[in-house]
Amino acid sequence: MIDKPFGRRTLLRGAGVLAATSLTSWQSGCASDDDALTFFFAANPEEADARLRIVDAFQRRHPDIKVRTLLSGPDPMQQMSTFCAGGKCPDVLMAWEFSYAGLADRGVLLDLNTMLAHDRAFADELKADSIDVLYDTFTFNGGQYAFPEQWSGNFLFYNKQLFAAAGVPAPPTQWDRPWSFAEFLAAASALTKRDRSGRVTQWGFVDTWVAAYSAGLFGMNNGVAWSDPRMNPSHLNFGNEAFTEGVQFYADLANKHNVAPTASAQQSMSTMDLFTSGKAAMALGGHWRYQTFDRARGLDFDVTVLPTGPRARAARSNIGTTGLAIAADSRRKHPAWEFVKFAAGPVGQGLIGETGLFVPVLKPAINSTGFAQAHRRVGNLAVLTGGPAHSEGLPITPAWEKINALMDRNFGPVLRGTRPATSLAGALTQEVDEVLRTP
């Protein structure tokens with residue numbers, strides 16, 4: 001079970017689980033003096049295999065460019081900061097939407113506009129095929145510091161058999177025609193089962209993401225963005241009435257309506273296991289959960305959009321994307337550019353779509369036959385293909401790590417039911433605004 005915001009993409013639970021000999025440890029990779037292009041990323045074993053597929057395909061097209069892959073340990077941001085400060089920055093770096101701005105602000109990342117200006121054909125093709133909200137995620141202070149490589153926004157998985165057995169209609173299939181909070185709650189209530197003692201034997205809803213972020217996602221689906229503007233905001237909307245109403249609805253699913261496990265109950269259970277074993281009817285999660293559910297024996301599932309509150313017109317996912325960046329002090333900028341172009345361009349994105357691990361970020365790849373074949377069991381494919389374009393991002397600011405720490409402290413009581421969501425308008429809003437003024 002993932003219990004940290006970036007755990008699925010940044011943590012490898014023990015490097016020994018990967019047998020791929022082409023993956024090099026960070027220290028030995030950076031210590032080498034040969035002319036190989038170094039590519040740093042964080043991944044679980046399956047994600048690493050998918051990335052190696054991209055690397056292998058690139059090297060077949062560019063046999064003159066050797067690529068050394070560097071697999072991150074548990075704290076990739078600390079590693080990048082430490083080694084880049086020591087003059088051993090990898091050439092190509094995986095970039096996270098939440099944290100890249102801090103690196104860009106310190107001059108660690110190359111502004112890719114300098115490369116785009118000399119490669120107009122690729123620049124025009126990329127712009128035409130990109131989804132603006134994803135591409136713009138890595139645009140900071142006028143610079144383009146990474147290209148998106150995959151979308152990992154959240155949506156709902158649901159158990160078709162449990163819906164049918166309870167006589168609950170199948171949920172909506174389009175982001176612009178979502179179900180309401182009330183309709184979602186009615187379904188979750190009908191799908192929650194208890195034995196004679198009152199113990200829950202089947203949950204209507206479980207969350208496999210990070211509770212504070214999920215609560216904010218419900219706030220966003222009540223018609224208000226996390227911040228306005230998104231880039232370098234001076235104020236976040238934690239105190240906005242519509243936002244707190246959405247957060248309160250999410251918290252009430254467990255604490256008031258009892259259709260989801262409470263925060264304390266989740267300490268002794270895996271929400272992933274509840275869904276895969278048929279003991280939960282709906283699960284919030286991103287596409288990174290797809291293969292786990294796809295491999296679960298006897299699980300007949302599909303995907304659907306998130307519910308919306310009365311103040312929203314259409315459902316929204318979070319953006320949830322990673323990108324590829326080039327180190328500003330790289331001695332191999334041109335080989336690095338060729339690699340980033342390949343991985344973020346049509347060929348690399350087509351390969352990503354075929355893996356079934358990621359949702360690609362270019363429109364042709366999202367709508368490709370390869371992506372559809374990798375998701376043959378998904379009837380509501382439009383939820384995935386339409387997800388990136390129906391996403392809104394969390395704030396992009398160099399101060400995000402400080403804000404995240406404040407969120408952890410202040411969202412906890414709300415999610416445990418000991419404080420109302422309106423409390424977020426107090427200390428949290430003031431503290432966050434102060435951090436944004438003096439990051």
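- The protein is annotated in an unreviewed UniProt entry as ABC transporter from Mycobacterium kyorinense.

Here's the deal with the overall build of the protein
Here is step 1: Counting its regular elements, the protein contains 21 helices and 16 strands.
Here is step 2: Here the C-alpha atoms of the protein give a radius of gyration of 22 Å, agreeing with the 22 Å that 2.2 N^0.38 yields for 439 residues.
Here is step 3: In terms of principal-axis extent, the alpha carbons of the protein reach across some 70 × 50 × 40 Å.
Here is step 4: Residue burial in the protein is summarised as follows: out of 439 residues, 58% are buried.
Here is step 5: Looking at the protein alone, contacts between residues at least 24 apart form 77% of all its contacts between residues at least 6 apart.
Here is step 6: Working note: accessible area of the protein is about 17500 Å², and carbon and sulfur atoms make up 49% of it.
Here is step 7: Side-chain charges of the protein comprise 41 positive and 42 negative groups, with the mean position of each set lying 5 Å from the other.

So, the domain arrangement of the protein
Here is step 1: Taken as a whole, the protein is organised into domain 1 (37-152 + 320-392) and domain 2 (154-318 + 398-437).
Here is step 2: The C-alpha centroid of domain 2 is placed 28 Å from the C-alpha centroid of domain 1.
Here is step 3: At the junction of the two partners, domain 1 supplies 36 residues and domain 2 supplies 32 residues.
Here is step 4: Buried area between domain 1 and domain 2, summed over both chains or domains, comes out near 2900 Å², and the portion from carbon and sulfur atoms is 53%.
Here is step 5: Looking only at domain 1, the three residues that lose the most surface to domain 2 are R377, H390 and E392, adding up to 27% of its buried area.
Here is step 6: Counting across the interface, domain 1 meets domain 2 through four salt bridges.
Here is step 7: Residues E46 and R295 are paired through a salt bridge, measuring 2.1 Å at the closest nitrogen-oxygen approach.
Here is step 8: The interface formed by domain 1 and domain 2 contains 16 residue pairs in polar contact (both at pLDDT 80 or more).
Here is step 9: Looking at the side of domain 1 that touches domain 2, the elements that each hand over two or more residues are α5 (100-105), β5 (139-140), α19 (381-385) and β16 (391-392).
Here is step 10: Counting residues per element, the side of domain 1 that touches domain 2 draws most heavily on α5, at four residues.
Here is step 11: Along the lines of polarity and charge, the residues of the side of domain 1 that touches domain 2 split into 14 nonpolar, 15 polar and seven charged.

Thoughts on the packing of helix α20 (residues 400-416) against helix α21 (residues 427-437)
Here is step 1: Across the interface, α20 lies against α21 with an axial gap of 10 Å and an inter-helix angle of 175°. On the basis of the axis angle, α20 is roughly antiparallel to α21. Here K402, I403, L406, M407, R409, N410 and F411 of α20 come into contact with α21, specifically with A427, L428, E431, V432, V435 and L436.
Here is step 2: Residues belonging to the contact of α20 with α21 are distributed by class as follows: nine nonpolar, one polar and three charged.

Section: the side chain of T429
Here is step 1: Following the sequence through the fold, T429 ends up in helix α21.
Here is step 2: Residue T429 is classed as buried on the basis of its relative accessible area of 9%.
Here is step 3: At a separation of 2.7 Å, a polar atom in the side chain of T429 contacts the main-chain carbonyl oxygen of L424.
Here is step 4: Other than its neighbours up to four places away in sequence, T429 contacts H235, F238, G239 and L424.

Focus on the packing of aromatic side chains
Two aromatic rings, taken as a pair, are described by how far apart their centres are and by the angle between their planes.
Here is step 1: One pass over the full model with this rule turns up 35 aromatic pairs.
Here is step 2: Ring centres 6.3 Å apart and planes at 55° place the aromatic pair F184 and F218 in the tilted group. Taken as a pair, F184 in helix α10 (residues 181-190) and F218 in helix α11 (residues 211-220) lie far apart in primary sequence, 34 residues in all. Across this residue pair, the class does not change: F184 and F218 are buried.
Here is step 3: Joined through ring pairs, the aromatic side chains of F98, W209, Y213, W226, F238, F243, W400 and F411 make up one cluster.

Some words on unusual backbone geometry
Here is step 1: Here the bond from D228 into P229 is cis, since omega is 5°, no more than 30 degrees from zero.
Here is step 2: For P229, the position within the fold is in the loop between α11 and α12 (241-255).
Here is step 3: Despite not being glycine, N258 shows a phi value in the positive range, around 55°.
Here is step 4: Counting through the fold element by element, N258 comes out in the loop between α12 and α13 (271-276).
Here is step 5: Judged by its relative accessible area of 37%, N258 is partly exposed.

What about the pattern of salt bridges?
Here is step 1: Considering all chains together, one arrives at 17 salt bridges under this definition.
Here is step 2: Among the salt bridges present, the one from R437 reaches E434, with a minimum N-O distance of 2.8 Å. Of this pair, R437 and E434 both sit in helix α21, three residues apart, which is roughly one turn of that helix.
Here is step 3: A residue is classified by how much of its surface remains accessible, and E434, at 37% relative accessible area, is partly exposed.
Here is step 4: In this structure, a network of salt bridges that share partners links the residues D35, D91 and R332.

Digging into the confidence of the model for the protein
Here is step 1: The pLDDT averaged across the protein works out to 90; a share of 92% of its residues lies at or above 70.
Here is step 2: Confidence drops under pLDDT 50 across residues 1-23; counting only partners more than four residues distant or on other chains, this segment forms 64 contacts.
Here is step 3: Per-residue pLDDT stays below 50 along residues 25-29; that stretch engages in 12 contacts with residues further than four places along the chain or on separate chains.

Topic: the environment of T38
Here is step 1: Looking at the secondary structure, you find T38 in strand β2 (residues 37-41).
Here is step 2: Between the alpha carbons of T38 and Q161 there is a distance of 47 Å; along the sequence they are 123 residues apart.

Regarding the packing of α11 against α12
Here is step 1: One can describe the packing of α11 onto α12 by two numbers: an axis separation of 7 Å at closest approach and a directional angle of 125°. One finds that α11 runs oblique with respect to α12. For the pair α11 and α12, the crossing hand works out as right-handed. Residue-level inspection shows A211, S214, A215, G216, F218, G219 and M220 of α11 in contact with α12, the latter providing A242, F243, G246, V247, F249 and Y250.
Here is step 2: Of the residues that constitute the contact of α11 with α12, the class distribution is nine nonpolar, four polar and no charged.

Conventions we followed
Residues numbered from 1 in each chain as written. Predicted model: local features only at pLDDT ≥ 70, side-chain atom pairs only at ≥ 80, totals over all residues. Heavy atoms only, no water. Helix = DSSP H or I, 4+ residues; strand = E, 2+ residues; numbered from the N terminus. Rg over C-alpha atoms; globule rule 2.2 N^0.38 Å. Buried < 20%, exposed > 50% of the residue type's maximum accessible area, 1.4 Å probe, protein only. Contact = heavy atoms within 4.5 Å. Areas by Shrake-Rupley, 256 points an atom, 1.4 Å probe, with all protein chains shown as cover. Lys, Arg positive; Asp, Glu negative; His and termini not counted. Charge placed at Lys NZ, Arg CZ, Asp CG, Glu CD. Domains from an automatic or database assignment. Buried area = accessible area lost by both parts, 1.4 Å probe. Salt bridge = Lys/Arg side-chain N within 4 Å of Asp/Glu carboxyl O. Polar contact = N/O pair within 3.5 Å; in protein donor to acceptor, adjacent residues only side chain to side chain. Nonpolar A, V, L, I, M, F, W, Y, C, P; charged D, E, K, R; others polar. Axes fitted to C-alpha atoms, helices over the stretch in contact; angles between N-to-C directions. Parallel < 35°, antiparallel > 145°, perpendicular 65-115°, else oblique. Phe/Tyr/Trp six-rings, centres within 6.5 Å; stacked < 30°, edge-to-face > 60°. pLDDT = per-residue confidence, 0-100. Left-handed = near helix turned anticlockwise from the far one by under 90°.

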